[in-house]
Amino acid sequence: MFLTPHTSAALWISTKVTDPIMAFILGVVSHVILDMIPHGDDHLADHITNKRDKFYYELKIATVDTIVAGLLILFFLVNGPIVNNWALLGAVLGAWVPDLTWLAIEYFKLNNFYNYIVYHGKLHNIFNWQYSPVYGVPFQIIVTLLMLKMTF
Ligand SMILES: [Zn+2]
């Protein structure tokens, strides 16, 4: 799942808890739960066969996603309810860390931790239902908006 819906879950968590460690743990838990829901982004880059091109295409999407997620946090800081900033940081880190870990393992080729990638991948296929990003992207936008509605 994109970082943006994960971030919206983190924002919501930060409105519920004040302890940064608790917020971090709940952030990780929210990531796992959201990843388990079939979310239709497994085949985003299937039309690109060249491995290098595929990587850069995915990198571009990830950059836009990260910028949107960042803007969301900024918007929340300016317009959202007042929360404990450490809890906010904990929740966002918790919600991001499962994907950051995965990226770091891939990028630095940390083969000793490759099992993590296998488990993270399994999480996405727990219901074994893949569908097109044509539905997946709007679905993730709806999830984000619902989380934001609960947050603000
Ligand atoms: Zn993930």
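One can find the structure itself at the top, above this paragraph.
Residues numbered from 1 in each chain as written. Predicted model: local features only at pLDDT ≥ 70, side-chain atom pairs only at ≥ 80, totals over all residues.

Draft legend 1. Molecular detail of the overall build of the chain. When helices and strands are tallied, the chain shows 6 helices and 0 strands. In the chain, the order of α-helices and β-strands from amino to carboxyl end is α-α-α-α-α-α. For 152 residues, the compact-globule formula gives about 15 Å, and the C-alpha radius of gyration of the chain, at 16 Å, lands near that figure. Projecting the C-alpha coordinates of the chain onto the three principal axes gives extents of approximately 45 × 35 × 30 Å. The buried share of the chain, taken over its 152 residues, is 28%. (Helix = DSSP H or I, 4+ residues; strand = E, 2+ residues; numbered from the N terminus. Rg over C-alpha atoms; globule rule 2.2 N^0.38 Å. Buried ≥ 20, exposed ≤ 12 C-beta atoms within 10 Å, placed from the backbone.)

Draft legend 2. Main features of unusual backbone geometry. Despite not being glycine, Lys109 has its phi angle at roughly 50 degrees, a positive value. Mapped onto the elements of the fold, Lys109 is located in the loop between helix H4 (85-107) and helix H5 (114-124). We classify Lys109 as exposed; it has 8 C-beta atoms within 10 Å. For Asn128, which is not glycine, the phi torsion reads 45 degrees and is therefore positive.

Draft legend 3. Quick peek at the environment of Trp129. Examined against the element boundaries, Trp129 turns out to sit in the loop between H5 and helix H6 (133-151). Sequence spacing of Trp129 and Pro38 is 91 residues, and the spatial spacing of their C-alpha atoms is 6.1 Å.

Draft legend 4. Structural context of the nonpolar core. Counting 24 residues, the largest nonpolar core has Ala9, Ala10, Ile13, Ala23, Ala91, Val92 and Ala95 as its most contacted members. Every element with two or more residues in this core is listed here: helix H1 (3-14), helix H2 (20-36), helix H3 (51-79), H4 and H6. Apart from residues no more than four positions distant in its own chain, Ile13 is found in contact with Ala23, Leu26, Gly27, Ser30 and Ala91. (Core = buried A, V, L, I, M, F, W, Y, C linked by C-beta atoms within 7 Å. Contact = placed C-beta atoms within 7 Å.)

Draft legend 5. How the structure looks around H3. Taking 1.5 Å per residue, 29 residues should reach 42 Å; H3 reaches 42 Å between its end C-alpha atoms and fits that length. All of the buried residues along H3 are Ala69, Leu72 and Phe76. (Expected span 1.5 Å × (residues − 1).)

Draft legend 6. Up close: the environment of Thr144. Turning to its location among the elements, Thr144 is positioned in helix H6. According to the C-beta neighbour criterion, Thr144 is buried, with 22 such atoms within 10 Å. Taking the C-alpha atoms as reference, Thr144 lies 7.7 Å from Ala9; in sequence the two are 135 residues apart.

Draft legend 7. Highlighting the environment of Asp41. Of note, Asp41 is situated in the loop between H2 and H3. By the C-beta count within 10 Å, which is 19 here, Asp41 ends up partly exposed. Sequence spacing of Asp41 and Ser132 is 91 residues, and the spatial spacing of their C-alpha atoms is 7.0 Å. Sequence-distant contacts of Asp41, defined by excluding residues within four places in its chain, comprise Met1, Phe2, Pro133 and Gly136.

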